[in-house]
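Topology and contacts: notes
Take a look at the letters that make up each chain.
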Amino acid sequence: MRTLSIFGCGWVGRVLAHALQPNFRVYCSARSRSTYKTLQPHTRYLLAYPNLYHEAFYQADTFVIAIPPKHYYLETLDTILSYIPSRTQIILLSSISVYTQTHGLIREEMLTKPTRILHAEELVRAHRADSIILRLGGLMGYERIAGKYSAGKVLEHDKLVNYIHRDDVVRIITLCIEKEIRGKILNAVAPLHPRQSYLFAQNANRFGWEKTYYKSDTVQPKVISSQKLIETLDYTFLKPDPLRFW
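Here's what I pulled together on the structure shown here. (Residues numbered from 1 in each chain as written. Predicted model: local features only at pLDDT ≥ 70, side-chain atom pairs only at ≥ 80, totals over all residues. Heavy atoms only, no water.)

Topic: the packing of aromatic side chains
Put simply, the rule is: By convention, a stacked pair of Phe, Tyr or Trp rings (six-membered ring in the case of Trp) has centres within 6.5 Å and planes under 30 degrees apart, an edge-to-face pair has planes over 60 apart, and any other such pair is tilted. Only protein chains enter the calculation, and the probe is 1.4 Å; a residue is then buried if its accessible area is under 20% of its type maximum, exposed if over 50%, and partly exposed in between.
In the structure shown here, the tally under the stated rule is 13 aromatic pairs. Considering the side-chain rings of Phe 57 and Tyr 58, the 5.4 Å spacing of their centres and the 80° angle between planes classify their relative orientation as edge-to-face. Each member of the pair, Phe 57 together with Tyr 58, is buried. With centroids separated by 5.5 Å and ring planes inclined at 10°, the aromatic side chains of Tyr 58 and Phe 63 adopt a geometry described as stacked.

Considerations on helix α5 (residues 116-127)
Where we set the bar: Helix and strand assignments follow DSSP, with helices taken as H or I runs no shorter than four residues and strands as E runs no shorter than two, numbered in order from the N terminus. For a helix, the expected span equals 1.5 Å multiplied by the number of residues minus one. Between two residues, a contact is recorded if the distance between any of their heavy atoms is within 4.5 Å.
When the terminal C-alpha atoms of α5 are compared, their 16 Å separation across 12 residues agrees well with the 16 Å that a helix rising 1.5 Å per residue should span. Tucked into the core, α5 has its buried residues touching α4 (73-83), β5 (89-95) and β7 (132-136).

Remarks on unusual backbone geometry
Residue Pro 50 is bonded to the preceding Tyr 49 through a cis peptide linkage, with omega at 5°. By the secondary structure assignment, Pro 50 is in the loop between β3 (44-46) and α3 (55-58). With phi around 60°, Tyr 72 is a residue other than glycine that occupies positive phi space. Looking at Tyr 72, the relative accessible area reads 52%, which means it is exposed. Here Glu 180, not a glycine, exhibits a phi torsion of approximately 55°, which is positive. Take Glu 180: it is sitting in the loop between α6 (166-178) and β11 (185-188). Relative accessible area serves as the criterion here: at 54%, Glu 180 is assigned to the exposed category.

Regarding α4
Along α4, the positions that sit buried rather than exposed are Tyr 73, Thr 76, Leu 77, Thr 79, Ile 80 and Leu 81. In the core, the buried residues of α4 are packed alongside β1 (3-7), α3, β4 (62-65), β5 and α5.

Digging into the pairing of β11
Heads up, the condition is: Strand pairing requires that DSSP identify at least two bridges connecting the strands.
Of the two faces of β11, the one carrying Ile 185 and Asn 187 and the one carrying Leu 186 and Ala 188 are both buried. With 4 bridges connecting them, β7 and β11 associate as parallel partners. Counterpart to Ile 133 in the pairing with β11 is Ile 185.

Some words on the pattern of salt bridges
Heads up, the condition is: Salt bridges, as used here, are contacts in which a Lys or Arg side-chain nitrogen is within 4 Å of a carboxyl oxygen on Asp or Glu.
Tallied over the entire structure, the rule returns 6 salt bridges. Between Lys 215 and Glu 156 there is a salt bridge whose closest N-O contact spans 2.9 Å. One end of the pair, Lys 215, is in strand β12 (residues 213-220); the other, Glu 156, is in strand β9 (residues 154-159), and 59 residues separate them in sequence. Taking the relative accessible area as the measure of exposure, Lys 215 reaches 58% and is therefore exposed. When the shortest N-O distance is used, the salt bridge between Arg 195 and Asp 158 registers 2.8 Å. Within this pair, whereas Arg 195 is found in the loop between β11 and α7 (196-207), its partner Asp 158 is found in strand β9, the two being separated by 37 residues in sequence. Among the residues examined, Arg 195 registers a relative accessible area of 26% and is labelled partly exposed.

Digging into the nonpolar core
To keep things clear, this is the line we draw: The definition of a nonpolar core used throughout is a set of buried Ala, Val, Leu, Ile, Met, Phe, Trp, Tyr and Cys residues joined through side-chain atoms within 4.5 Å.
Core analysis: the largest hydrophobic core is formed by 36 residues, its most contacted members being Ile 91, Leu 93, Leu 134, Ile 172, Ile 173 and Leu 229. If one sorts the elements of this core by residue count, α6 sits on top with 7 residues. Counting residues in hydrophobic clusters, the runner-up holds 21 residues, among them Tyr 27, Tyr 45, Ile 90 and Ile 185.

Section: the packing of helix α1 (residues 13-20) against α6
Our working rule: Between N-to-C directions, angles span 0 to 180 degrees; the directions come from axes that are lines fitted to C-alpha atoms, helices contributing only their stretch in contact. Angular relationships are summarised with four words: roughly parallel below 35 degrees, roughly antiparallel beyond 145, roughly perpendicular across 65 to 115, and oblique for the angles in between. When the near helix sits turned anticlockwise from the far one by under a right angle, the crossing is termed left-handed; a clockwise turn instead gives a right-handed crossing. In this classification, Asp, Glu, Lys and Arg are treated as charged, Ala, Val, Leu, Ile, Met, Phe, Trp, Tyr, Cys and Pro as nonpolar, and every other residue, Gly included, as polar.
It is at 10 Å that the axes of α1 and α6 come closest, and there the two elements cross at 55°. What the angle tells us is that α1 and α6 run oblique. Our pair here, α1 against α6, has a crossing hand that is right-handed. Where α1 abuts α6, its residues Val 15, Leu 16, Ala 19 and Leu 20 lie against Arg 166, Val 170, Ile 173, Thr 174 and Ile 177. For the contact of α1 with α6, the class distribution of residues is 7 nonpolar, 1 polar and 1 charged.

So, to be careful, I would describe these as geometric facts and stop short of saying anything about function.
Here's what the structure looks like:
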């Protein structure tokens, strides 16, 4: 049976572990004892910077890095990458927040911001050029509902959304593993991009929140393209329309 280690079993990692356990021996790490206690006892590891080493955890066929960019993020990545064998497939969950552009159709090769997230991608690829970088859109689905935290607030302007449902994230990672993809940077964003104002208003009406207000009717037309991902994985999105994520 193939083995999978997930470094960071949070909102995505825990669901990914559950989805793949029928076909993989899955190991999960957590950095807090509260999260650690929610994981299965025989597959869990409590790993927090600087105490990150446990030999069995790193001897995996696939290693998914699913931690947020905080709390010694770059130092943690640098350390764990030194433990991962050269044969292991590495998948880093990154973010579309790396992109500099605010308008137009944005693809993987376009300019990115010199942030910790970009530095993390560069660090991973410097260690292993055949790593997969998945630049995720805004994570939504289930209890994460677009517009919930902007209810009653006033935003500067409207924009086109670049979201992805958690079900698609899990499926995309699964296909990267099954198809043994290596050496790719891929945007993972739902292919439909409704106006934020439409989406927030719909959800406010459905869930009984106060609506979100805008100072300007101007729409920021920034669209992140997932075409490369669709072609690489021959992928059809499970949840293509953020207006129907609920």
